[in-house]
Amino acid sequence: MWRISRRALFWGKVLLHVAAALPIALLVLAVYRDDAGGDPVQYIIHFLGKGALNLLLLTLLVSPVAAWTKQGMLVQLRRPLGLWTFCYACLHLLAYISLDLLFAWQLLLQEVIKRPYIVVGACAWLILLSLALTSFKAAQRRMGKRWQQLHYGIYPAVLLVTIHYYWSVKSEIIEPSLYILLALLLLSFRLRKFSRKV
Ligand code: HEM
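Here goes a summary of the coordinates provided.

Cut-off values and rules
Residues numbered from 1 in each chain as written. Predicted model: local features only at pLDDT ≥ 70, side-chain atom pairs only at ≥ 80, totals over all residues. Heavy atoms only, no water. Patch = residues over 30% accessible without salt bridge, like charges linked within 9 Å, V, L, I, M, F, W, Y side chains within 5 Å. Areas by Shrake-Rupley, 256 points an atom, 1.4 Å probe, with all protein chains shown as cover. Salt bridge = Lys/Arg side-chain N within 4 Å of Asp/Glu carboxyl O. Helix = DSSP H or I, 4+ residues; strand = E, 2+ residues; numbered from the N terminus. Buried < 20%, exposed > 50% of the residue type's maximum accessible area, 1.4 Å probe, protein only. Donors = N, O, S within 2.8 Å, 3.2 Å for Na, K, Ca; no water. Tetrahedral: all angles 85-135°; square planar, octahedral: opposite > 155°, others 65-115°. Core = buried A, V, L, I, M, F, W, Y, C linked by side-chain atoms within 4.5 Å. Contact = heavy atoms within 4.5 Å. Near = heavy atom within 4 Å. Polar contact = N/O pair within 3.5 Å; in protein donor to acceptor, adjacent residues only side chain to side chain. Nonpolar A, V, L, I, M, F, W, Y, C, P; charged D, E, K, R; others polar.

With that out of the way, let us pick up a nonpolar patch on the surface. A surface patch of nonpolar side chains, about 580 Å² in accessible area, is lined by Tyr-166, Ile-173, Ile-174, Leu-178, Leu-181 and Leu-184. Per-element tally for the nonpolar patch: the top contributor is helix 9 (residues 174-197), with four residues. Mapped onto the elements of the fold, Ile-174 is located in helix 9. You can call Ile-174 exposed: its relative accessible area is 59%.

Written out as structure tokens, the structure is:
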């Protein structure tokens, strides 16, 4: 049977890094050229939040695609995709704290009361942080079985992010609803795999 070669996988990873870094470079360029809409701060926060969500969904797609195509090597793309997801999520959070709140920490409590979806986003970010910190081979070896259990945290994280998105929008609910459906679909693949194991 045809198998992806190591060389192809290497170039796949290079392409992945370029494709993930490029939108950030384009965002910087758009802001620099004054081409980031009427409210550049909102533009940046939304652009990075959406980027993080899309990357998170792509990370979750890797395992089912590797299983369907019987190309086990593809799972090696999960870690770089997961780390890029975390990078976008950190930039999204940083943009909010620096450009929107202007580091006025006393405002944060008022913001959380006014916009409770921020707490949901923060819970998702904390899960992503724990996954990124333990994404290295040494942590995987040291944690043994607990590593896999911790990394199942990606499923609640994607649900929390889609809720965060749905809750944050004021009128347009079709797109965030589609994201929730997609997250539930990916979750159902995982649950089916679990039920087959039991
Ligand atoms: C402490 C963590 C977080 C904070 C403070 C935060 C804050 C925000 C804010 C202020 C908005 C804009 C809402 C508005 O329209 O006014 C937003 C939207 C959004 N956030 Fe977050 N967020 C956090 C975590 C995350 C994470 C971890 C993800 C994804 C992995 C994420 C994805 C999104 C998405 C997809 C949107 C909607 C973008 C759009 O409407 O185009 N957020 N967030």
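Note on the iron atom of the ligand: its protein donors are His-92 (NE2) and His-164 (NE2). The metal-donor distances range over 2.0 Å. Geometry at the iron atom of the ligand is octahedral, judged from the six donor atoms that bind it and their angles of 88 to 179° at the metal. Here the residue His-92 occupies a position in helix 3 (residues 78-100), and His-164 occupies one in helix 8 (residues 154-168), the gap between them amounting to 72 residues. Accessibility expressed as a relative area gives 18% for His-164, which makes it buried.

With 45 residues, the main nonpolar core has Trp-84 and Tyr-88 as its most contacted residues. Where this core is concerned, the elements lending two or more residues are helix 1 (6-32), helix 2 (40-69), helix 3, helix 5 (117-133), helix 8 and helix 9. Ranked by the residues each element gives to this core, the list is headed by helix 2, at 11 residues. Tyr-88 has contacts with Ala-20, Pro-23, Ile-24, Leu-48, Gly-51, Ala-52 and Leu-55, leaving out every residue within four places of it along the chain.

What follows is about the site of the ligand. Every one of the 23 residues lining the ligand counts as a neighbour, but His-46, His-92, Arg-115, Tyr-117 and His-164 are closest to it. In the environment of the ligand, a nitrogen atom lies 2.8 Å from a nitrogen or oxygen atom belonging to the side chain of His-164. Element by element, the count of residues in the shell around the ligand is highest for helix 2, at seven residues. Across the shell around the ligand, the residue classes break down as 13 nonpolar, seven polar and three charged.

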